[in-house]
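Structural overview for review
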Amino acid sequence: MKHQITGLEDGLVKQLKTTEKRIQPPLLHSLSTLQAAANRKWKYSPAKVLSVMQGLYEKKLVSYPRTDAQHITPAEFSYLANQVEAYQKLIGAEFPVASRSPKKRFVDSAKVQEHYAIIPTKSIPTARKVEGLAKDERNLYEEVLRTSLAMFHRDYRYAETKVTTDVKGLDFFTTGKTDLEQGWKELFPPVKEAKAEPSLPELREQEPVKAKVEIKEGMTIPPKPYTEGQLIAMMKTCGKLVEDAEDTEILKEIEGLGTEATRSGIIETIKRHEYIEVKKNIVSITNKGRILCQSIEGNLLSSPSMTAKWETYLKKIGKGEGSAEVFLATIAKFIQKLLDEVPNQMKTNGLPEKMPSLEGKDEIAVCPRCKKGKIVFQRGSFNCTEYENGCKQSFPAIFAKKRLTAKQIEYLCTKGKTPVIKGFVSKNGKKFSAKLVLEEGKIKMEF
């Protein structure tokens, strides 16, 4: 909905401020960052990237692919620097080398453990060998090659202009960007033609201008679903989702769930068991997966903290302060506890053996706002069927980290409040119970 306050108003350019900014070349690739980049550019699954990279490794074209490092040592930098021109010819992208001196951003032996970042090997393939590569092999080889060459290129530079416009005593801000030097970005032609941002016209301070001022009324939308590449990145940085500071540090240190070599395998496993499905590169949870998530809700299995706690004890074993037998026995007790508790927990939560699809036109209740439409579950939330006719009544599927049921939404619509609901989680991670109350179309809590 759009409410226009005025037509064209008189404005005045109050201030112009232009700043030159620069962006350094990207870091070298680890397996995870390569998987994320390839998924974004060509929709390759993480498993496919690992498989193709293994083939390129066996052809002696790239270094070891199952690495979590994004740095190299002076030895690797030396052979890359000596062969820059030969690598440039492989992709037909010649440029003057900005510097052949190693920079800490890329070359740091302290950040290299078993394996260094993924880079091209010393072996320079012939043009015939490159042409003989399959399309996916060539795409990934060139991605590694271009990222490695970017180390020797210039920074990307641009000018950012911030305009402050006075309209009837109110300040409005506009930002525009002008490229000054493409630098390393020359090496990465866009896969799809990106829409060019409209550039700012030439302006002067104190110049009178015309302004159109409007207020737009809109609704927030739920976060976009993950792609497979984003899922890989999320697994690596999942420590950000954990409340406990100590667990967060451990997950940061071990780089999240799984390893570079196993993350794509984990995704393939839950795809094979039909807990998730991937359509057009979008990852969505299945009914079977939803049952799994709700059945383990509230215990350690549903939190990345479990990985942190196991890693903590594994470190103790490594230092000789812990026992492998105790560790395995504790896991066995944990599994037994789950087997004993989860069936009852599923009954308590009212979960059926098979979860019917939530998506669809099953009418939950008459809309409390317009009294004409019906509340149904669509696109990840509970919405009114009269949405297109202007009714904006909506209920979130998850409130305070608790998934709401259709029955609870029915209570809100018909009675204005729910019975006491357990399992809400506060910002500091503590669980609590409360009633939900509907006031002026919004959900509030009653303790």
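This write-up is about the structure you can find in this document.

Okay, the packing of aromatic side chains next. Using the criterion set out here, one finds 11 aromatic pairs in the structure. Seen from their ring centres, W184 and F188 are 6.1 Å apart, and the 75° between their planes marks the pair as edge-to-face. By relative accessible area, which is 10% here, W184 ends up buried. Each ring, one from F399 and one from F424, has its centre 6.4 Å from the other, and the planes form 85°; the classification is edge-to-face. Of this pair, F399 sits in strand β11 (residues 398-399) while F424 sits in strand β13 (residues 421-425), and the two are 25 residues apart along the sequence.

Taken as a whole and judged by the stated rule, the model has one cavity of 30 Å³ or more. Put simply, the largest cavity is a space of about 30 Å³. F77, S99, S101, K103, F106 and M151 together form the lining of the largest cavity. Broken down by class, the residue content of the lining of the largest cavity amounts to three nonpolar, two polar and one charged.

On to the pattern of salt bridges. On inspection of all chains with the given rule, the structure shows 24 salt bridges. Beyond isolated ion pairs, a larger network of salt bridges with shared partners links E20, R22, R154, D155, R157 and E181.

This part takes up the side chain of T286. Here T286 is to be found in the loop between β6 (282-285) and α10 (287-295). Look past the residues within four positions of T286 in its chain and what remains in contact with it is E274, Y275, I276 and E277.

The next subject is the layout of surface pockets. As a volume, the second largest pocket reaches approximately 510 Å³. In this structure, the second largest pocket is lined by 20 residues; those nearest its centre are R40, K41, W42, E143 and F188. Looking at the lining of the second largest pocket element by element, the count peaks at six residues for helix α1 (residues 31-42). Taken together, the residues of the lining of the second largest pocket break down into 10 nonpolar, five polar and five charged.

Attention shifts here to the side chain of T418. Position of T418 relative to the elements: it lies in the loop between α13 (406-415) and β13. When neighbours within four sequence positions are excluded, T418 is seen to be in contact with Q408, Y411, L412, K435 and L436.

What follows deals with the packing of helix α4 (residues 84-91) against helix α6 (residues 135-149). Taken N-terminus to C-terminus, the directions of α4 and α6 make an angle of 140°; their axes are 10 Å apart at the nearest point. The angle between α4 and α6 places the two elements in the oblique class. As for the relative orientation of α4 and α6, their crossing is left-handed in sense. Contacts from V84, Y87, Q88, L90 and I91 in α4 reach Y141, E142, L145, R146 and L149 in α6. For the contact of α4 with α6, the residue count by class is seven nonpolar, one polar and two charged.

Taken in spatial order, the four strands line up as β7-β8-β9-β10 in an open sheet, and their pairing is antiparallel. In this open sheet, the two edge strands, each paired with only one partner strand, are β7 (365-366) and β10 (394-396). Both strand β9 (residues 381-384) and β10 contribute to a ladder of three bridges, which runs antiparallel. Note that in β10 the partner of F382 across the bridge is F395.

What counts and what doesn't
- Residues numbered from 1 in each chain as written.
- Predicted model: local features only at pLDDT ≥ 70, side-chain atom pairs only at ≥ 80, totals over all residues.
- Heavy atoms only, no water.
- Phe/Tyr/Trp six-rings, centres within 6.5 Å; stacked < 30°, edge-to-face > 60°.
- Buried < 20%, exposed > 50% of the residue type's maximum accessible area, 1.4 Å probe, protein only.
- Helix = DSSP H or I, 4+ residues; strand = E, 2+ residues; numbered from the N terminus.
- 1 Å grid on protein atoms, 1.4 Å probe; cavity = no way out; pocket = protein on both sides within 12 Å on 5 of 7 lines; lining within 4 Å.
- Points joined across faces, edges and corners; volume = space filled by probe spheres on them.
- Nonpolar A, V, L, I, M, F, W, Y, C, P; charged D, E, K, R; others polar.
- Salt bridge = Lys/Arg side-chain N within 4 Å of Asp/Glu carboxyl O.
- Contact = heavy atoms within 4.5 Å.
- Axes fitted to C-alpha atoms, helices over the stretch in contact; angles between N-to-C directions.
- Parallel < 35°, antiparallel > 145°, perpendicular 65-115°, else oblique.
- Left-handed = near helix turned anticlockwise from the far one by under 90°.
- Pairing = 2+ DSSP bridges.

Everything listed is a geometric property; what it means functionally is a separate question.
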